[in-house]
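Structural characterization, general
Here are the chains, one letter per residue:
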Amino acid sequence: MKRQSLRTAICWLACAGTLAAQQQPTFFPPVRGTREMAAGANNFEVEAAFRLLSQGGNAVDAGVAGVLAATVTEQSRVGLGGEMPLIVKMSGKTPTIISGVGTAPARATVDYYNKRSAEAWERNGNMPPIPGQGIRSAILPGLFDGLVLALRKYGTKSFAEVAAPAIEYADAFPIGEEFVSFIVRNQRLLNLWPTSAEFFMPGGKAPKRGEIFRQPGLAKTLRELVAAEKKARGNRQKKLTAVRDYFYKGDLARRLAEFSEANGGLISRQDMASFAAEEDKPVCAPYREYEVCKPGFWTQGPVMVQMLNILEGYDLKKMGHNTPAYLHTVVEAAKLAFADRDRYYGDPKFSKIPAETLLSKDYAAERRRQIDPDKASMDHRPGSFLPPLPAPSATTTPSQAQDTTCINVVDRMGNVFSATPSGAWLPSVIAGNTGIPLSTRLQSFVITAGHANQLGPGKRPRVTLSPTLVLKDGKPFLAMSTPGGDNQDQAMVQVLLNIIEFGMGPQEAAEAPRFQTEHFYSSFANHEFVPGRLNLEGRMGKGVIEAMAAKGHRVTAAADWSNSSAPTVIRISDGVLDGAADPRRWRFIFGR
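This report concerns the structure included in the present document. Position numbers for residues count from 1 along each chain, tracking the sequence in the order it is written. Restriction of local features to residues with pLDDT of at least 70 applies here, the model being predicted, together with a cutoff of 80 or more for giving and counting side-chain atom pairs; totals for whole chains, interfaces and linings are based on all residues. The side-chain values count all of the structure's non-hydrogen atoms but skip hydrogen atoms and water molecules.

Digging into the nonpolar core
Note the threshold: The definition of a nonpolar core used throughout is a set of buried Ala, Val, Leu, Ile, Met, Phe, Trp, Tyr and Cys residues joined through side-chain atoms within 4.5 Å. Each residue's exposure class comes from its accessible area (1.4 Å probe, protein chains only) as a fraction of the maximum for that residue type: buried when under 20%, exposed when over 50%, partly exposed otherwise. We count a stretch as a helix when DSSP gives it H or I for four or more residues in a row; a strand needs E for two or more, and each element gets its number in order from the N terminus. Contact definition: two residues touch when any of their heavy atoms are within 4.5 Å.
Membership of the largest hydrophobic core comes to 86 residues, with the highest contact counts inside it found for Phe159 and Phe417. Examining the composition of this core, we find that 10 residues originate from one element, helix α3 (residues 59–73), more than from any other. Filtering out sequence-adjacent residues up to four positions away, Phe417 remains in contact with Ala59, Val60, Gly63, Val64, Val67, Leu86, Ile87, Ile407, Asn408 and Val409. Counting residues in each nonpolar core, the second largest holds 57 residues, with Phe338, Val493, Leu496 and Leu536 among its members.

What follows is the structure, encoded as structure tokens:
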């Protein structure tokens with residue numbers, strides 16, 4: 001009798017476990033709604049976005065508010081002096097790209113960096129071509145003008161309205177764990193720059209998690225920008241132009257440039273005045289019955305299109321999700337696409353990019369034939385339709401870029417905002433009393449002569465930042481972006497394939513185990529190349545890991561949730577918004 005009771009209890013426990021798994025199959029619960037949805041990296045960013053939506057703003061108003069809130073509450077990953085590619089899709093209109101990516105100052109030349117001396121944290125003989133941090137690695141602030149351009153052309157609210165949440169948080173907000181850990185970890189570097197030490201460690205001490213953190217200099221700057229709008233005469237457009245002019249041509253630009261020049265930086269007032277964010281056409285290509293849209297070759301965005309073009313020739317669903325055959329195929333496709341990125345991508349305004357060839361289906365078919373189904377390639381294999389160049393200057397010392405964040409918004413009218421704000425991350429140099437941290441994105445240039453991404457004054461570095469918009473029948477189907485540096489597009493393509501090929505919901509797709517190949521030249525300071533390295537999350541299972549190693553991949557069995565990217569995803573289908581927030585790096589999402 002006792003034995004029968006035990007069997008019954010075990011059966012009930014097993015059934016209950018199965019039911020629970022069906023009801024709650026993911027680590028984070030899916031978030032769904034029918035009206036509007038916003039996603040970011042913390043509750044402050046999402047609250048800022050929803051505050052604007054609740055005030056009648058559209059997705060662009062909300063997205064701009066969310067990004068501004070991020071530059072206050074998530075300076076571990078992004079600051080007001082950073083950069084941002086943005087995809088905007090207004091209801092009934094074609095998608096557009098806004099390039100809020102700053103350019104190299106006029107004095108930032110290859111010759112200058114060839115002759116540079118070691119920074120305080122560097123050793124002679126072991127230096128990257130361009131410093132990975134500090135004031136001599138700063139491009140012009142591009143993020144802010146990108147936000148104002150988006151607000152002016154596609155938003156409805158004033159700057160004062162979209163900046164209100166960020167100003168409140170700059171006055172005081174409870175600081176989070178990651179922000180604190182970055183300050184603590186970088187205290188030695190922050191102490192090299194008195195303005196940074198004062199900003200991040202008031203009173204000489206790093207804040208503790210959950211403490212009220214205040215940024216009076218940044219709050220004052222944001223209020224000055226609001227004041228510029230209020231003082232300006234004319235319509236909304238002219239008032240917003242006055243805001244951006246105060247930042248790039250007015251007293252704020254003067255203070256920022258004077259600080260830079262007084263401290264060995266390269267940014268001048270003329271550089272600031274000559275910069276302007278701009279609008280661009282997206283790179284779009286079909287995949288199955290969908291259309292995938294990305295920012296252009298001044299980002300790594302087209303890598304996803306190239307990968308999907310190659311993968312379209314395979315029956316991925318038949319291979320099975322995360323089987324060795326599937327993983328090997330996707331990894332090898334990623335290697336080929338990234339090799340083209342390393343060789344051919346750069347600012348199209350300065351370099352001739354073979355875009356038509358790189359994006360063509362015929363070229364994808366040619367690349368597909370280069371994949372050996374049984375053996376991992378160890379070679380760096382860009383397409384051979386242009387003469388070869390020496391590889392970018394490289395070392396085997398890992399680069400230390402601190403990464404990025406993401407903001408995605410869909411509003412009740414079907415407008416979409418998808419951004420990857422980044423740069424000016426810790427350890428950052430605070431520009432005098434402005435409270436604005438400077439970017440370090442100059443490190444993403446190479447100094448190889450003739451390279452599409454060779455450093456040049458007025459040029460945008462080819463960034464890793466890469467928001468994603470997927471259309472179905474011409475209408476938004478999915479918006480997605482992620483942090484993760486070089487890993488962004490390979491992470492997002494896995495999430496996208498999980499949804500399209502394997503029928504997963506967005507949350508399940510974001511949480512599924514992922515790979516990360518490092519078989520490319522890093523986009524950051526040391527531009528290291530690690531042939532064949534493949535990180536597989538432990539949840540893939542021992543058998544898969546061993547099978548991939550048997551194919552020749554140099555496999556690292558990583559921790560279960562260790563992938564460096566963490567997308568937020570909003571799927572729009574049949575009147576339902578279905579959202580996902582990757583738990584790997586504390587993403588937040590809310591909808592209604």
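With respect to the sheet that holds strand β14 (residues 515–517)
Here is the rule we go by: Strands are labelled as partners when DSSP assigns at least two bridges between them. Axis definition: a line fitted to C-alpha atoms, over the contacting stretch in the case of helices. Angles run 0 to 180 degrees between N-to-C directions.
Ordered by their spatial adjacency, three strands build an open sheet running β14-β15-β16, and the pairing between neighbours is mixed. On the outer flanks of this sheet lie β14 and β16 (554–558), each paired with one strand and no other. With strand direction ignored, the average angle separating the axes of adjacent strands in the sheet is 20°. By the bridge criterion, three bridges tie β14 to strand β15 (residues 533–537) in an arrangement that is antiparallel. The residue bridging Thr517 from the neighbouring strand is Leu534, located in β15. Set on the sheet, helix α16 (residues 324–344) makes contact with β14 and β15; between it and β14 the angle comes to about 35°.

A word on the state of the cysteines
To keep it simple, the criterion reads: Defined by distance alone, a disulfide is two cysteine sulfur atoms within 2.5 Å.
Scanning the entire structure with this criterion turns up one disulfide. A sulfur-sulfur separation of 2.2 Å characterises the disulfide bridge that pairs Cys284 with Cys293. Here the S-S torsion is close to 115°, and the disulfide linking Cys284 with Cys293 is therefore right-handed. With a relative accessible area of 0%, Cys293 lands in the buried category. Not engaged in a disulfide, the cysteine Cys406 finds its nearest cysteine sulfur in Cys293; these two sulfurs lie 19 Å apart. A relative accessible area of 0% means that Cys406 is categorised as buried.

Quick notes on the packing of α16 against helix α21 (residues 542–550)
Geometrically, a packed helix pair is captured by the angle between its two axes and the distance between the axes. Defined as follows: Between 65 and 115 degrees an angle is taken as roughly perpendicular, under 35 as roughly parallel, over 145 as roughly antiparallel, and anywhere else as oblique. Handedness of each helix crossing follows the sense of rotation of the near helix against the far helix: counterclockwise by less than a right angle gives left-handed, clockwise gives right-handed.
Running from N to C, α16 and α21 point in directions that differ by 50°, and their axes come no closer than 9 Å. Judged by the inter-axis angle, α16 sits oblique to α21. The hand of the α16/α21 crossing is right-handed. In this structure, α16 contributes Pro324, Leu327 and His328 to the contact, and α21 contributes Val544, Ala547 and Met548.

Re the packing of aromatic side chains
Which entries qualify depends on this criterion: Pairing of aromatic rings covers Phe, Tyr and the six-membered ring of Trp, with a centre-to-centre limit of 6.5 Å; geometry is then stacked below 30 degrees between planes, edge-to-face above 60, and tilted otherwise.
Applying the stated criterion across every chain, the model contains 22 aromatic pairs. Between the aromatic rings of Phe199 and Phe200, the centroid separation amounts to 4.8 Å while the plane-to-plane angle is 75°, which identifies the pairing as edge-to-face. Side by side, Phe199 and Phe200 carry an identical accessibility label, which is buried. Note on Tyr290 and Phe477: the rings are 4.9 Å apart at their centroids and 45° apart in plane angle, and the pair reads as tilted. Remark: Phe477 occurs in strand β13 (residues 475–481) and Tyr290 occurs in strand β9 (residues 290–294); sequence separation between them is 187 residues. Taken as a pair, Tyr290 and Phe477 share a single burial class, namely buried. In textbook terms, an aromatic cluster arises when at least three aromatic residues are bridged by ring pairs, as seen for Phe44, Tyr169, Phe173, Phe179, Phe199, Phe200 and Phe213.

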